[in-house]
Amino acid sequence: MTALAAIAEERVDLDALYAETSIGETFDQLDRELVGLTPVKTRIREIAALLLVERARRSLGLEAEPPALHMSFTGNPGTGKTTVARRMAEILHRLGYVRRNHVVSVTRDDLVGQYIGHTAPKTKDVLKKAMGGVLFIDEAYYLYRPENERDYGQEAIEILLQVMEDNRDDLVVILAGYKDRMDTFFESNPGMASRIAHHVDFPDYAADELFRIAELMVATMNYRFDAEATAAMKDYILRRMEQPRFANARSIRNALDRARLRQANRLFAERGRLLDRAALQTITAADIRASRVFAP
Amino acid sequence: MHLTQGQFSYLPDLTDAEIKKQIEYALKQDWAIGIEFTDDPHPHNTYWSMWGTPMFDLKDPAGIMMEVKACRAAQGDKYIKILAFDSHKGFETQRMSFIVNRPKHEPGFELVRSEGAGRKVGYALRSYATAKPAGARQG
């Protein structure tokens, strides 16, 4: 039964609505491309369910204020905050909550001006550009600098708050940052904390999740690990996690970039023979074990 | 006297929803939107005051409507128009212009006749609005 036919008899088929928005596709993609992150995915599904039911209610004339969907993403570096924010726009667009599938990604520099009177137009400019979609503010805690009471960040926060309240159905604001610093930020800006309905925490990845991420990255770059390299990579991840400045998926990406570098150097050093497809694709254990984390 | 300048000026005034749709069309064409206002509605007055800078790179009319409302709040008793500028090569000119706000009382124009040498009559159009100095004209 199509959704319209169902509406005619005052009943709503959630399955039909679900199929119509093709949101399932986005979820599948999310599951495929984002390893782990169970709490995050759960929260996204909950929001999607809320919006779907909201749509069903609206189709029967049960109007209500649209729910506020401003969010805050907290978590350690490399846990996928930015990636999920980009997906969020797509999900909210498919569910008809935002009008356009676009994300404007900014940091303090894009919002806060250099002199008196510079901040307001700058912030408003960014907000106007983001209207209809998602505004993603990375490292949002930099907006507030308690050590300088004349800092212009406060002005940007006030404008932001006003627009978050007045233009609720035009804009979704997502703040992101490291957990502890975001907590301090919200403590000193209670107005901001109370206007954000969804606080989503991004957990650190476990070692096996990191390995699956590595596999995904390698596959998308058209490389592959041979059997020994697989073992070496697992070993590498365990060792790297122990070391300082470990940045989850970002560290894995960097490690793979360096492995590619070493693979290229190895192939170049062995020149004089013709390379086949497999040789160009394969990362060997040696490429990984040359890393400094294996240094005694 | 209902001022007729720019697009849609012989139609009843556009509602906000209709203005939004026109802006949406302009944004879809990749045109930049500007807002201007004046209290001197003479047809040859091409220099209206700008309300902020023209807005480039916008995706959604909501941001422009926000500015239109702010302009109405500050300059509510003046004429306000929206214009769309096409920066593409070959055009590089204004492609749309329409009035989105009018003063409560529109004084209209006077046809001024001046008799010259040899009973030659010269004609000029004068806006009643400009009889008073700028700032004291409408409202």
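Rules used throughout
- Residues numbered from 1 in each chain as written.
- Chains lettered and ligands numbered in written order.
- Predicted model: local features only at pLDDT ≥ 70, side-chain atom pairs only at ≥ 80, totals over all residues.
- Helix = DSSP H or I, 4+ residues; strand = E, 2+ residues; numbered from the N terminus.
- Buried ≥ 20, exposed ≤ 12 C-beta atoms within 10 Å, placed from the backbone.
- Pairing = 2+ DSSP bridges.
- Axes fitted to C-alpha atoms, helices over the stretch in contact; angles between N-to-C directions.
- Contact = placed C-beta atoms within 7 Å.
- Nonpolar A, V, L, I, M, F, W, Y, C, P; charged D, E, K, R; others polar.
- Parallel < 35°, antiparallel > 145°, perpendicular 65-115°, else oblique.
- Left-handed = near helix turned anticlockwise from the far one by under 90°.
- Expected span 1.5 Å × (residues − 1).
- Arc of directions from axis to C-beta.
- pLDDT = per-residue confidence, 0-100.
- Core = buried A, V, L, I, M, F, W, Y, C linked by C-beta atoms within 7 Å.

**Q** Break down the overall build of chain B for me, with residues and values.
**A** Scanning chain B for helices and strands turns up 2 helices and 6 strands. Counted from the first residue to the last, chain B has its helices and strands arranged as α-β-β-α-β-β-β-β. Expressed as a percentage of the 139 residues in chain B, the buried residues total 25%.

**Q** Hey, could you go over the overall build of chain A for me, with residue numbers and the actual values?
**A** Helix and strand counts for chain A stand at 15 helices and 7 strands. Considering only C-alpha atoms, chain A reaches an extent of 70 × 60 × 30 Å along its principal axes. Sorting the 296 residues of chain A into buried and exposed places 33% on the buried side.

**Q** Please provide a residue-by-residue account of the sheet that holds strand 2 (residues 103-106) of chain A, values included.
**A** All names here are of chain A. Taken in spatial order, the 5 strands of this open sheet run 2-3-4-1-5, and their pairing is parallel. A single partner strand is all that each edge strand has here, and the edge strands are strand 2 and strand 5 (198-202). Pairwise comparison of adjacent strand axes, ignoring direction, gives a mean angle of 20° for this sheet. Judged from the 4 bridges that link them, strand 3 (residues 134-137) and strand 4 (residues 172-177) form a sheet pairing that is parallel. When the sheet's bridge partners are listed, F136 is paired in strand 4 with I174. Running over the sheet, helix 9 (residues 179-188) touches strand 1 (71-75), strand 4 and strand 5 and is turned about 140° from strand 1.

**Q** Break down the interface of chain B and chain A for me, with residues and values.
**A** Facing the 8 residues of chain B at the interface are 11 residues of chain A. Residues that form the side of chain B that touches chain A fall into these classes: 4 nonpolar, 1 polar and 3 charged.

**Q** How would you sum up the sheet that holds strand 2 (residues 49-50) of chain B? Please name residues and give values.
**A** All names here are of chain B. Spatial strand order, 2-1-3-4: 4 strands in an open sheet with antiparallel pairing. Every other strand in the sheet has two partners, leaving strand 2 and strand 4 (93-101) as the edge strands with one partner each. Pairing of strand 1 (residues 32-38) with strand 3 (residues 79-86) involves 7 bridges; the strand directions are antiparallel. Bridge assignment links A32 to a residue of strand 3, and that residue is F85. In this fold helix 1 (residues 16-28) packs onto strand 1, strand 3 and strand 4, with an angle of close to 170° to the strand it touches most, strand 4. Across the sheet, helix 2 (residues 61-75) touches strand 1, strand 3 and strand 4, and the angle it forms with strand 1 is around 10°.

**Q** Could you give me a rundown of the packing of helix 3 (residues 23-33) of chain A against helix 5 (residues 81-94) of chain A, with the residues and numbers involved?
**A** Residue and element names in this part refer to chain A. Two numbers describe how helix 3 lies on helix 5: the axes approach to 9 Å, and their chain directions differ by 160°. If you check the angle between helix 3 and helix 5, you find them roughly antiparallel. As helix 3 packs across helix 5, the resulting crossing turns out to be left-handed. Listed contacts from helix 5 to I23, T26 and L30 of helix 3 are R87, E90, I91 and R94. Per-class residue counts for the contact of helix 3 with helix 5 are 3 nonpolar, 1 polar and 3 charged.

**Q** Which residues make up the environment of E155 of chain A, and what values do they have?
**A** Residues and elements named next belong to chain A. Looking at the secondary structure, you find E155 in helix 8 (residues 153-166). A count of 20 C-beta atoms within 10 Å places E155 in the buried class. Considering only alpha carbons, one finds E155 and V112, 43 residues apart in sequence, at a separation of 8.1 Å.

**Q** Can you explain the pairing of strand 5 (residues 109-115) of chain B? Please cite residues and give values.
**A** Remark: a regular strand shows side chains that alternate across the two faces of the sheet. Residue and element names in this part refer to chain B. Summarising burial for strand 5: 0 of the 7 residues are buried, a small minority. Relative to strand 6 (residues 121-127), strand 5 runs antiparallel, the two sharing 7 bridges. Bridged to S114 within strand 6 is G122. Connecting strand 5 to the antiparallel partner strand 6 that follows it, the hairpin turn spans 5 residues, and G118 within it adopts a positive phi of roughly 65°.

**Q** Explain helix 13 (residues 248-269) of chain A residue by residue, including any values.
**A** Residue and element names in this part refer to chain A. Here helix 13 is 22 residues long and its end C-alpha atoms lie 32 Å apart, about the 32 Å a rise of 1.5 Å per residue gives. Three or more residues of helix 13 are buried, namely N248, A249, S251, I252, A255, L256, A259 and Q263. Viewed end-on, helix 13 has its buried residues packed into an arc of 145°, placing them on one side of the element. In helix 13, the exposed positions that point more than 90 degrees away from the buried face belong to D257, L261, A264, N265, F268 and A269. As for helix 13, its buried residues are in contact with helix 11 (207-220), helix 12 (227-242), strand 7 (282-283) and helix 15 (285-289).

**Q** Mind laying out the environment of S59 of chain A, listing which residues take part and the relevant values?
**A** Mapped onto the fold, S59 of chain A is located in helix 4 (residues 38-59). Along the primary structure S59 of chain A and E10 of chain A are separated by 49 residues, whereas in three dimensions their C-alpha atoms are 8.9 Å apart.

**Q** Could you give an account of the confidence of the model for chain A, naming the residues involved and the relevant values?
**A** Within chain A, residue pLDDT values average 88, and 97% of them lie at 70 or more. At the low end of the mean pLDDT range in chain A sits helix 1 (residues 3-8) of chain A, at 59; at the high end sits strand 3 of chain A, at 94.

**Q** Give me the lowdown on the nonpolar core, citing residues and values where you can.
**A** All names here are of chain A. The biggest cluster of nonpolar side chains holds 75 residues, and the ones touching the most others in it are A85, L92, V134, L135, F136, V173 and I174. Looking at this core, the element that brings in the most residues is helix 5, giving 6 residues. Dropping the residues within four chain positions of it, L92 is found in contact with L69, Y97, V98, V134 and V172. Y236, I252, L256 and I283 belong to the second largest nonpolar core, which has 19 residues in total.

**Q** Residue-level account of the packing of helix 11 of chain A against helix 13 of chain A, with values.
**A** All names here are of chain A. It is the contact of helix 11 with helix 13, at a shortest axis distance of 10 Å, that shows an interaxial angle of 45°. Comparing the axis directions of helix 11 and helix 13 gives the class oblique. The chirality of how helix 11 crosses helix 13 is right-handed. Counting all contacts with helix 11, which are made through L210, I213, A214, M217 and V218, the residues of helix 13 involved are A249, I252, R253 and L256. Its residues placed into classes, the contact of helix 11 with helix 13 shows 8 nonpolar, no polar and 1 charged.

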